[in-house]
Amino acid sequence: MGFKESVPSLTNPVHPILSTELYPRDMTTPIPSPTRIPFLGNAASLDRDMPYQSMNLLAKEYGEIYQLTIISRKILVVSSQRLVNEVSDESRFRKMVAGGLANVRLVAGDGLFTAHVPGDENWYIAHRLLMPAFSPTATQGMYGDMMDIISQLVLKWERYGPEYAIDPVADFTRLTLDALMLCSMNYRLNSFYREETHPFITSLGDFLFQCMTRANTPAIVNALKLKTQAQFEEDQRVLNSLVDEVLDERKAHPIDKNDLLNLMLNGVDKETGKKLPEQTIKYNLLTFFIAGHETTSGMLTFAIYHLLKNPEAMRKLREEIETQIGDRVVSVKDVNKLPYLIAVMRETLRLTPSIPQRGTSAIEDTTVADGKFAVPKGMNIIVNISAAHRDPLVWGNDADVFRPERMLDGKFEALPSNAWQPFGNGMRACIGRAFAWQEVQLALITLLQKFDFVLDDPSYDLHVKQALSIKPASLRIHAIPRAGQGRLLAVPSSTLLRGAMTPKDHAQVGAAEGTAQQSLYVLYGSNTGSAEAFAQRIASVAASHGFRASIGTLDSATAHVPADGPVVIITASYEGKPTDNAAHFVEWICSLKDNEMSKVVYAVFGCGNRDWVQTYQRIPKLCDDILAAHGAERIVPRGEGDASSGNFFESFDTWEAQLWGTLDKKYETKMLDTSIAGLDIKTVDPGTARAEILRQPDASLGTVIKNELLTAPGAPVKRHIEFELPEHMTYRAGDYLGILPINPARDVRRVLARFGLSAEQEVVVASNGPTSLPTNKAVNLFTLFSGYVELSQPATKRDLVVMTDATTTEASKKSLREYTATYSERVFGRRLSILDILEDHLDIKLSLGTFLSMLPSMRIRQYSISSSPLWNPQHATLTISVIESPALSGRTEPFLGVASTYLAGLRPGDKVQLAVRASNVDFHPPSDPTIPLVMFCAGSGLAPMHGFLQERAMQKEAGREVASSLLFFGCRSPTDDFLYADSDLKMWAELGVVDVRPAFSKSSQHSGGCKHVQDRVWHDRTDVKEAYQAGCKFYVCGAGKVAAGVKEVLIAIIKEINPQADDAHAVEIFYDITSDRYATDIFE
Ligand SMILES: Cc1cc2nc3c(=O)[nH]c(=O)nc-3n(C[C@H](O)[C@H](O)[C@H](O)COP(=O)(O)OP(=O)(O)OC[C@H]3O[C@@H](n4cnc5c(N)ncnc54)[C@H](O)[C@@H]3O)c2cc1C
Ligand code: HEM
Ligand SMILES: Cc1cc2nc3c(=O)[nH]c(=O)nc-3n(C[C@H](O)[C@H](O)[C@H](O)COP(=O)(O)O)c2cc1C
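None of the values given here were measured: they were computed from a predicted structure. (Residues numbered from 1 in each chain as written. Chains lettered and ligands numbered in written order. Predicted model: local features only at pLDDT ≥ 70, side-chain atom pairs only at ≥ 80, totals over all residues. Heavy atoms only, no water.)

1. Side note on helix H3 (residues 99–108)
Think of an α-helix as 3.6 residues a turn; residues three or four steps apart then line up on the same face. Note the cut-off: Exposure categories follow from relative accessible area, calculated using a 1.4 Å probe and restricted to protein chains: below 20% of the type maximum is buried, above 50% is exposed, and the middle band is partly exposed. A run of DSSP states H or I qualifies as a helix once it reaches four residues; a run of E qualifies as a strand once it reaches two. Both are numbered from the N-terminal end.
Of the residues making up H3, those classed as buried are Gly99, Gly100, Leu101, Val104, Val107 and Ala108. Taken from the residues just after H3, Gly109 is the one with a positive phi, measuring 35 degrees.

2. Here's the deal with the site of ligand 1
Put simply, the test is: Here a residue is near a molecule or strand as soon as one of its heavy atoms is found within 4 Å of it. Counted as a polar contact is a pair of N or O atoms within 3.5 Å, where, for protein atoms, one must be capable of donating a hydrogen and the other of accepting one, and residues adjacent in sequence contribute only when both atoms are in side chains. Here the Shrake-Rupley method, with its probe set to 1.4 Å, supplies the accessible areas, and only the displayed protein chains count as covering residues. Nonpolar residues are Ala, Val, Leu, Ile, Met, Phe, Trp, Tyr, Cys and Pro. Charged residues are Asp, Glu, Lys and Arg, and all others, Gly as well, are polar.
If you check the shell around ligand 1, you find 24 residues, and the closest are Gln862, Tyr863, Ser881, Ala899 and Ser900. One of the backbone N or O atoms of Ser864 is found 3.1 Å from a nitrogen atom in ligand 1. In isolation ligand 1 exposes 990 Å². Once the protein is present, 80% of that is buried. Elements supplying a minimum of two residues to the shell around ligand 1: strand E26 (861–864), strand E27 (875–881), strand E28 (884–886) and helix H30 (898–904). Looking at the shell around ligand 1 residue by residue, the classes come out as 12 nonpolar, eight polar and four charged.

3. Thoughts on the coordination of the iron atom of ligand 2
Selection criterion: Donor criterion used throughout: N, O or S atom within 2.8 Å of the metal, extended to 3.2 Å for Na, K and Ca. Water excluded; incomplete-looking sites may result.
For the iron atom of ligand 2, the protein supplies a single donor, Cys430 (SG), at a distance of 2.3 Å. Here Cys430 lies in the loop between helix H16 (392–395) and helix H17 (433–450).

4. A few points about the UniProt feature "binding site: heme" (unreviewed entry) in the protein chain
Going by this rule: UniProt positions are given in the numbering used here, feature names are shortened, and annotations may be inferred rather than shown by experiment.
UniProt's feature table lists "binding site: heme" (unreviewed entry) at Cys430, given in the numbering used throughout. Residue Cys430 is classed as partly exposed on the basis of its relative accessible area of 39%.

5. Thoughts on empty space enclosed by the protein
In plain terms, the rule: Think of a 1 Å grid over the protein atoms and nothing else: a 1.4 Å probe that fits but is trapped marks a cavity, an open set flanked by protein within 12 Å on at least five of seven lines marks a pocket, and residues with an atom within 4 Å of a point count as lining. Grid points are joined across faces, edges and corners, and a volume is the space filled by probe spheres set on the points.
Under the counting rule described, the total for this entry stands at six cavities of 30 Å³ or more. Lining of the largest cavity is provided by 36 residues; of these, Arg537, Ser853, Leu855, Pro856 and Ser857 occupy positions nearest its centre. Among the secondary structure elements, those contributing two or more residues to the lining of the largest cavity are helix H19 (530–542), helix H22 (648–667), helix H28 (834–840) and helix H29 (848–854). Per element, the largest residue contribution to the lining of the largest cavity is six residues, and it comes from H19. Grouping the amino acids of the lining of the largest cavity by side-chain chemistry returns 17 nonpolar, 14 polar and five charged.

6. Some words on the site of ligand 2
Taken together, 25 residues are adjacent to ligand 2, and Lys95, Leu112, Trp123, Arg428 and Cys430 come closest. Within the backbone of Leu112, an N or O atom sits 3.2 Å from an oxygen atom of ligand 2. Looking at the shell around ligand 2 element by element, the count peaks at six residues for helix H12 (residues 278–309). Class assignment for the residues of the shell around ligand 2 results in 16 nonpolar, six polar and three charged.

7. What about the sheet that holds strand E31 (residues 933–938)?
Rule in force here: Here, any two strands with at least 2 DSSP bridges between them count as paired. Where helices are involved, their axes are fitted lines through C-alpha atoms of the stretch in contact, as for all axes, and angles between N-to-C directions lie from 0 to 180°. Between two residues, a contact is recorded if the distance between any of their heavy atoms is within 4.5 Å.
An order of E33-E32-E31-E34-E35 is seen for the five strands of this open sheet, with the pairing classed as parallel. In this open sheet, the two strands that pair with only one neighbour each are strand E33 (994–1000) and strand E35 (1078–1082). The sheet shows a mean angle of 10 degrees between the axes of neighbouring strands, taken without regard to direction. Relative to E35, strand E34 (residues 1033–1038) is paired through five bridges, and the arrangement is parallel. Bridging from a neighbouring strand, Gly1038 pairs with Ile1082 of E35. Of the strands in this sheet, E31, strand E32 (965–971), E33 and E34 are in contact with helix H34 (residues 1021–1029), which crosses E32 at around 140 degrees.

Below, the structure written as structure tokens:
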């Protein structure tokens, strides 16, 4: 077999040793430790940019306590609630300023945050003097100043308008720093009055990032980086100069106010009679700048992110604000009065604590975990709050899920001690907690009153950037003013499709110019672009039917479904749930009352796939039913496209024709033009100057590391491909990679040859409606046909009509009419594409524009990731089947699958447009590795299972207790395509992580006579039953028929155990016992 075992990389230790150096007392257990790497110690196992995320992965691998050696520094990391609770005992442990925080002392010295206590006596003085300045009562007095800055933010976002992609981290940083400076120092930084980020904020961000990375790098390496060192020093100068400025101004213009600055300048400590020295005042000023705004702006951004990803929470919060506050300006009396808001804030800080870890150390030699592990005095202990906040023993199996309800109705108060600790501990806990708590409430209430929010990339999944605190990276949102018109917003369904669009394409589209007066609204819910492309088609031809079309995502119509024109909804479902850009809309319609929709006229078309038997077309059906139930007028019956059947496009065409027929009649609009979409193509360069058009910014390009054959010669090809992910992108085992492919060059050449064009020829495409083609910029024809359109989809009946109209000979007309008459068999059944037909009928004279407008836009393909981030968080592997087989159309050349052919041809170093997409929440290995997995798959359906097992193997090698899992795997024969059999699967079987049960369809004598997975399951049913008794989780991955076969055999096993149960009862038992324990991932 071609696939070789991967070589462990330095960033990725696979053979840990168990440290015995640390207090090897008789009574204690050695603390697990990842392998030390000479010179760097464990620093190499920490992601330089995101140590906290590396530490979380190590916690997943090694468990609740482990030891690291960073350079020569030894540290312990504790990650469970019980250990956090133990090290929060101030009689045994106290804060330790080490690592990155020790570097912050360069500018914050003995200020509150970085003081060594005991030792830095000024800490006590400042603590006693300043605590009152941040009491809840003092904070209430800051209401006016806080609202002043919040209103500056609101004004800015109103000015931006809905189409602007806002960077919330940048604007919340402006908000929190300005508010802190105004409230506590009476100083106006005026960040909202400058376009660029204030130099102080830039320097602070750089400085803190450097503090963190330098802590994980040997001093000599830091010193050798001369440029970075110079910048580090310059940043400190910028920080200190603002402090001097604030202080000098106050000295020059004293004011009579009990603010933080005056307390520091004039306050006398009652206990010692001392004042703070000027240098300590400066240190503390900077401390407040640092501690007081990064954290709060992080919290605000995370809160918006979580609310956007959790429509139910967003709806409940909006409802609370609407009922309790309505439109009036929030007052200080409202603070702490909105229980759901408080729950949202607590849950935000649980899942994404702005300061994810803190440092402590034992005051004397001691042990933790009931004496199990020895901890020496003074050793740095990292209290990994972000991991402990997800401890399944406290938060349950859904610890990774944002669920504010867990903080409501006394549940928060009933939590075990220190289970929730985002503000630190004891006497060194956060002094600004009340300040932040009030500011976040005022800001969130005001912003939700004023705006609806939409993610710029609906599939955005949290990437985190860490300095000392954490913040979402690359998050962009749109703020749509709630008051006013023109709300629809058409953000692309995926960033991978974004490059094709010019910003104008996504502005609201008043497609029809001139006479069209009747409004028409097209709303889409789409993840991979099919529904979006259909919506675009309707919007682009609307003008020719006399309608003025506006297009937007379903989410952008939440709570505002237009009533002044027909509304056309095109949406998909995913696992029975809405797409990423329709979730808020669906949540909202589910709470509609009475006849609220009585003025709405609508039609729904659903994109679905029958492989999802239980939830086929669930969301389109739901939208259709709910709108009708609440009084809306349905103008045509709901249409259905089944992506698995292949007549997907044909179904849409038929439904669309019916839609226009009805609309034209009902609105008595005038047909202006009968052509398909108006695409105008102009040649700007005959092909001498090649224009490189990149569809994606570098940020979403992955790099191919390796691409290896997994199968024997002659067997259907399967490959293993490893990618380095774009910066900040990481994943969970079980997630998908979305790939935007490029058509096989062979098929592009076929197009060019058929139209007699040069590959180098450059054109500019102009469109009178929305399109996913690159418009108004020069693009060469090879790029256009390679990257933007599908070439091999079966022609639809409408395509046949267009081609019939364009033919010049009777013979071709006749042939095309025959195709129409026998469409299912001769066109659809043979997957005859427009190109196939054009090649066979050279007298069809289609313009290039018409041809292009008939082609569906390029689809993203999803692939299950076949690796685990514990192996390498920045690399992901795929296990793919390459589609190359005799064409059903009868052409002599084989049929080539677009994406699989593209992937198969990649070479190391190639750049690929890709994005991680979160999978179904249940399709991940359980966080507790002692829960066995029972996995059923065939062919490349092995992909996610490979990732799960890799994760389990990493945990086992790290010394954790890991259950053995069962893998039922269907393939042809032991020699053809038994994927990873002599590499990973063998290694993991030897490790005791997996017991592989193959079923060989062409060599069943080697698999106990079992041909298919379901036969093997029946054969080994005693083991399946045993695993079930042991609390296993089931996973199925592969084609619909594998899933159906597995379900059937499991039901048969149930019947064998319960002979009295009839079929229906057995099915019932199946659903009953597998609920929460059975996850499926289906693909052909
Ligand atoms: C959630 C999910 C996870 C997935 N994970 C994986 C994975 O881990 N590994 C993997 O390999 N795939 C996976 N897939 C499938 C993958 O996304 C693609 O669908 C697959 O690779 C085919 O894409 P393609 O572009 O190569 O083929 P396409 O160009 O899309 O062609 C496929 C179409 O061509 C038709 N066709 C097939 N053979 C012929 C023929 N001989 N003549 C004419 N027409 C034909 C098929 O009916 C099908 O409609 C997954 C799919 C999903 C939805
Ligand atoms: C959501 C917002 C905030 C969070 C999550 C947060 C979190 C924390 C945490 C975890 C600590 C302890 C750090 C350690 O143990 O090393 C801390 C300390 C501190 N925080 Fe905050 N903080 C927030 C907002 C603020 C604000 C608004 C201010 C100032 C107005 C502030 C000022 C401080 C100071 C001065 C300390 C040091 C206290 C001491 O050791 O005496 N914080 N904060
Ligand atoms: C992971 C996954 C889950 C799906 N779940 C469903 C489902 O529950 N019901 C359904 O009808 N279709 C389901 N489908 C099919 C999609 O809805 C269908 O492919 C649709 O055309 C996608 O539209 P889009 O490209 O606009 O996102 C699923 C597809 C995938 C990849």
